[in-house]
Amino acid sequence: MRVRRLAVIFVLLLLSIIVAAGGFSALLIGSQIDRQIKERNIELIDWRLAELDNQTLGIEKLEFRYQDRYLIKLLGLKVSSEAGFVNAVTESQSKDLLSKRQSIDKLSIEQLQIRVINGEVAASASESTFHFSRLVDSLKQQLAALSQSPILALVPSEIEIKHASFITACPAGECELQATLQLKAATTQDQLRLQLSLDGKDSAIPTVELQSQSQLRVPFHSGSPPFEFSINSRLKSAQTVQNDGLAISVVLTGRSLEEQGKNFLQISSKVHGQLPRMQTAKDSRRELTDEWFGLLKLYNRWSPKPLVEEELVAQLSPFFPIDWYAEEVKDVGGDFELIGKGKLDLDRFVATDTDSDLLRQVDLSSDVSLKINRPISLSGVASVHGNIQGSFTLKNGKIKHYAVKTDGIAEQLKKPDWLSAQGWKFNALQFTLQSAQQDPDDSLRQLPFQLSVVSLLEESGAVSPQNEKLSLQSNGVILFNESPTVELGEAKLNLQNAHLNLTPQQRLIDFKSDIRLSGRLNSKAAAIKVHQANLSGQLKKGKQSLKIRKLQLEAFQVAIDDIQQALKVLDIHGEKLRFDADFRNPEVALEGVNLTLRKIRLQAPQQETKPFKQFTAQYQGLVKNIKHSQLHPQSWSAKGKITAQVATSLDSLKSARLNGQLANAAGIQVEHVVDYQPRTLQATWKLADQYFLVGNPFSETFVSWPELLSASAGKLSAKGRFQLALRGMSSSTDFRKYLQNFLSAQSDITLSGIDGIYNETEFKKLNLDSRLHLTKGRVQTRIEKLDVEEANHGLIVGPIEVVAEMRTPLFDWQATEVDLQKAEVQVFDGKARLAPRVLQLNQPVSAELLLDNINLQALLQQYPSSEIQGTGLLQGRLPFSLDLSNRSNKKPVFFIADGRLYASDPGGVLQYQADSSALKQTHKSMELALNLLEDFHYKVLDSRISLDENQKLHLKLRLQGNNPKVERGRQVNFNIQIEEDLPALITSMQISSQISNTIQKRIQEKLQNRLNSNQ
């Protein structure tokens, strides 16, 4: 009877193990088994005994119903005890707790089936509210009672269920979970040790398996050894091999400990594994492997929201590139690894009254680390792997402190097309992201962070740092409000040794940048402040080169009020921009270019109807040296203001104005206003009055300034404007033809009181009023007034008056056409003039100089001899020819042919007062002639004049008159021929007159050169 009674006890005990809430609660109170079975609404349907002896109890079948919700069936139940059941019962009734030991060796079940027959049973009123503290108190009482209970000796050392199944309704219809489990138990007077092994799967998806091993040590009393547990689970596909397929392992351990009178639970966890790969179809689409099909089927069987294959492929493809498994991941323990540890305040935790208060009573400190070994693709942008480490502290269920650090490498970067075109070598980024916060607000609406990114170069399969590439350091905070916002406290962007292909012909090489900025950005607006930016590099286009030593920005603010219309509402305000560079091309070199922009503003339009932004800035520039074939090397400076209207898309200008001043070291200073329109560039300019008394800035600026022309006094004023039609220039455009067709200009030039020297001619008080007009490639110059008070080229003449108009092709000055309207000069108290006519300078010019009332006395006073004097007025004409087209000879060719000079009535007097005594003694035949010329009263003075190509002056002079003191005043005719080297004559006249030191020096140099050439 005792054995039979024992069999019934074991049946009831087994029922309690399977269905009792709280796991061991019913097991631990053996005296209340019958009552608890009734209270829990257990209905025994059928059971059959298979065998029974002192060491073995076999139950062929056990079937019962639990709470009208579960139908439970057991087959092949067997209980064995090597010591025998009689001894087991005797042992359980012993009062000596130390002598109690487990007498039941094993409980085995061939098959266990649990079927849900009513899944919608409402919870009872007693179960509607969960009281955690009451459960903990109950467990403590039951564990304490178990340590004193005789049933402790009847706990089997091993429980084995070979085939277990759980059947319930699911979205797919009816689903069955299958499992095999083994439980080992060991008891002492102060603790219970359990070991559980479990293998499970969905019967319809045998390819996905769950394996789990757990250990549990439960103390019976608070003074007993600490509570400990460990769970080691693994989810894998049946065909998983190394580095392929599904394999996820979870290890969870815990241990209770006491510190400073408080009880804590110390927990650690480790999750690691690998995920299935993707495969590629023939049409390059992604497809699921069998492992993913198994997971998809498992998800759809149990989830109320199933997925189709295309949805899963679309969601997984960005994270699993086709070549994800091209290279094996070795010695890393799988694709990822998650490690965590923490410490929970048990005293506060178990003091929770209801489940609603549970989280608010938690005090917990934890450390977590995640290691991603195999790169994961992020939306096709990059493949990322690395580590995440973190820690946090909960106080009263609230986060007291947290710290997170992520560091990793992003490889296989998908660069934008424009960036790929640059040919940058780096193909990976090393990044570090940190966030920490003390006493954050309850909602964690602020997330501070620190970010560091450094470019890497992959070489020989290993990722190694690159010295001169891209780096970014930033700190800030993310605000989780209605529109999540990123606030950058300080960001540093550094780029070294980069090359940028701006256009197919234009490259920026050796580019370096160092940018410091802060800002605020969300999905609606952005505000960025560039505290300082330093950039450098070299811009090359063909044979042109711009070497940027420094491009510096200071205090720039960028505001975008509407991200959806970013370019339209973009607003920029900058305090300072500085540009230091050198520019070179085959024609010009600009050395030491320093440009500074201040008060820079790009302002969004104030009205919706205005599609243009307003840009303004003040500029100041300096070029330390300009080298050009037509300019003398020196510094140039500029300053002024820029205003412009820019399209909201920033791709075009509606208009621009440059209002400022240009000057150089020589003293030239020009005020200008330059206006740009999409099809027109025009400007007005005014030259500051130049006073030659302090120097000639033009001769110090322009190489083409005539070397022999100088000015020592007077003033020059000039102003003008030009307009250039813009018709799309390109590298193949003929620049000269372009200017001829599309450039027009006007200018007014005024000279006042100019004193100066040209070659060997000195002039005084030169005044000029002229207007130049350029159109269709021709320059029309209107000389409204040109007068010179005096000119001295050995002969002193003046004043000179000229009125003329000239028409000159823009790039061929020798083809100038001169419309001479007035040309007069007062000479020897008379006048010389040219008749109005049109002259072509690219052809020989033939004209006639008309002489009127030339005072012979004034003429002879300038002749380089004091031996001859005379009176009378002369008239005449000098036909001449001037050829400026003789390009093989730098000097113009001047001829006079058949010129005539004659005296007006009533004639005059010639007096030749030479030291004639010696001459008379030498030439007796000349004595009469010399006597006559000592006081010759002429009535006729007529001369023929010519000048040949060798500049020999030929003079045929015919005189008629008498000397009242010779031969009673008899009339005499003289025919005299004179040949004179005109340049030498002029030189002698210059030397004899009062000329400047400059002209004297030039004459001496000319005479010396002539002497040297004759030797």
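Everything here concerns the structure above.
Computed from a predicted model, the values in this text were never measured in an experiment. Counting from 1, residues in each chain are numbered in the order their sequence is written. pLDDT decides what is reported in this predicted model: residues at 70 or higher carry local features, side-chain atom pairs at 80 or more are listed and counted, and totals for whole chains, interfaces and linings draw on all residues regardless. The side-chain quantities take in all heavy atoms of the structure and omit both hydrogens and water.

*Asks:* Is there a simple way to think about the pairing of strand β6 (residues 173-187) in this case?
*Replies:* Two faces, one strand: in a regular strand the side chains alternate between the faces of the sheet. DSSP bridges decide pairing: two strands pair if at least two such bridges lie between them. A run of DSSP states H or I qualifies as a helix once it reaches four residues; a run of E qualifies as a strand once it reaches two. Both are numbered from the N-terminal end. As paired elements, strand β5 (residues 158-170) and β6 share 11 bridges and run antiparallel to each other. The residue of β6 that forms the bridge with Ser165 is Gln178. Between the end of β5 and the start of β6, which pair antiparallel, lie 2 residues. With 11 bridges joining them, β6 and strand β7 (residues 191-202) adopt antiparallel strand pairing. Following the sheet pairing, Leu177 is matched in β7 by Asp202.

*Asks:* Would you mind going over the environment of Arg900 with me for this structure?
*Replies:* Tracing the sequence through the fold places Arg900 in strand β44 (residues 893-903). Among the residues examined, Arg900 registers a relative accessible area of 26% and is labelled partly exposed. Residues Arg900 and Leu957, spaced 57 residues apart in sequence, show a C-alpha to C-alpha distance of 9.7 Å. Whether two residues are in contact is decided by their heavy atoms, any of which lying within 4.5 Å being enough. Discounting chain neighbours no more than four positions away, the residues touching Arg900 are Gln875, Gly876, Arg877, Leu878, Asp942, Ser943 and Arg944. Here a polar contact is recorded for every N or O atom pair within 3.5 Å, except that within protein the pair must consist of a potential hydrogen donor and a potential acceptor, and residues adjacent in sequence are included only if both atoms are side-chain atoms. A distance of 3.1 Å separates the side chain of Arg900 from the side chain of Asp942, its partner in a polar contact. Categorising residues by exposure relies on relative accessible area from a 1.4 Å probe, with only protein chains included: less than 20% of the type maximum marks a residue as buried, more than 50% marks it as exposed, and the intermediate range marks it as partly exposed.

*Asks:* What exactly am I supposed to notice about the side chain of Ser212 here?
*Replies:* Along the chain, the position of Ser212 falls in strand β8 (residues 205-219). Since its relative accessible area comes to 8%, Ser212 is described here as buried. The residues contacting Ser212, other than those within four sequence positions of it, are Leu196, Ser197, Leu198, Asp199, Ile231, Asn232 and Ser233.

*Asks:* Can you walk me through the state of the cysteines in this structure?
*Replies:* Here a disulfide denotes a covalent bond joining the sulfur atom of one cysteine to the sulfur atom of another. Throughout, disulfides are identified as pairs of cysteine sulfur atoms within 2.5 Å of each other. For the coordinates displayed, the defined rule picks out 1 disulfide. Here Cys170 pairs with Cys175 through a disulfide, and the sulfurs are 1.8 Å apart. Sign of the S-S torsion, about 65° for the bond between Cys170 and Cys175, identifies this disulfide as right-handed. According to the relative accessible area criterion, Cys170 is buried, its value standing at 12%.

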